[in-house]
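Descriptive structure summary
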Amino acid sequence: NYQRMKPNRKDTLSDRLNRLMFLPGLDESTLLLKKNVWLGNFGSAIAVIFMTLLGCALKLPSIVAYGLILLAVTIPTFVLIPFMRKHIDKLHFILQFSILWVTFYFMLKLGGLLHSAGLMFTGISIMFMSISFQNTRLTTWLFITYLITLVATSLLQPVLTPAPEMTPGKNLLFFAVN
């Protein structure tokens, strides 16, 4: 029973997260889902912070705006998830679905697949993270959405203009870091 456990210096990260995420009556699979989603969002937020700071240093306002939007939708989940008993997969689905469409918008804004600093990799990471849902229907919807955004971006590529801020060198750097 995680509720009665007192903090101990020798506690593992998993033990500490179990205490943070545990609510009376919560089953082990829901606790595991909460932990996985919370940790996934935490890892993503760290990566986004790094990329946003790099975008700021390289004077890439679109990348900075993209990062700030991703952080604005991700950070509230750190507070929400520990208090949730159910529908964690649905909250995470809404978050990931929103991120796919925000990414699509910024890929178009930056000039398409060839000029968007590897933002398409965001969708690939969402596909991997969605496996933790343990809900095939939600994962399938994210996959379909990702494919739609990639196909649409590819079809629109001939009419898109690369953003002046995204020089070939900066694009290559972000592509490699992504």
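To keep things clear, this report deals only with the structure shown in the data block. Residue indices follow the written sequence of each chain, beginning from 1 at its first position. Where local features are concerned, this predicted model is filtered to residues with pLDDT of at least 70; where side-chain atom pairs are given and counted, the filter is 80 or more; whole-chain, interface and lining totals use all residues. Hydrogens and waters are ignored; side-chain quantities use all the structure's heavy atoms.

Bringing helix 6 (residues 136–156) into the picture now. In this model helix 6 runs 30 Å from its N-terminal to its C-terminal C-alpha over 21 residues, within 8% of the 30 Å that 1.5 Å per residue would give. Between buried and exposed lies partly exposed: a residue is buried under 20% and exposed over 50% of the maximum accessible area for its type, with that area taken using a 1.4 Å probe on protein chains only. The way it works is that DSSP assigns letters per residue, a run of H or I at least four long becomes a helix, a run of E at least two long becomes a strand, and they are numbered from the N terminus. Among the residues of helix 6, Leu 138, Leu 142, Thr 145, Tyr 146, Thr 149, Leu 150 and Thr 153 are the ones counted as buried. Within helix 6, the buried residues cover an arc of 130 degrees as seen down the axis, which keeps them to one side. Every exposed residue of helix 6 that faces more than 90 degrees away from the buried side is listed here: Thr 136, Arg 137 and Leu 155. Buried residues in helix 6 make contact with helix 4 (88–110) and helix 5 (120–130). Residue count minus one, scaled by 1.5 Å, sets the expected span of a helix. To obtain the arc, one takes the directions from the helix axis to the C-beta atoms. Every residue pair with non-hydrogen atoms within 4.5 Å of one another is taken to be in contact.

Whenever a carboxyl oxygen of Asp or Glu lies within 4 Å of a side-chain nitrogen of Lys or Arg, that contact is scored as a salt bridge. One pass over the full model with this rule turns up one salt bridge. One salt bridge connects Lys 90 with Asp 89, and the closest N-O pair in it is separated by 3.9 Å. Accessibility expressed as a relative area gives 37% for Lys 90, which makes it partly exposed. Asp 89 gets classed as buried once you look at its relative accessible area, which sits at 12%.

Turning to unusual backbone geometry, a few remarks are in order. Negative phi is the rule for most residues except glycine; trans is the rule for most peptide bonds. In this structure, Lys 59 is a non-glycine residue whose phi angle is positive, near 55 degrees. With respect to the element layout, Lys 59 can be found in the loop between helix 2 (28–57) and helix 3 (61–80). Here the phi dihedral of Ala 117 falls at roughly 60 degrees; this positive angle occurs in a residue that is not glycine. With respect to the helices, strands and loops of the structure, Ala 117 is situated in the loop between helix 4 and helix 5.

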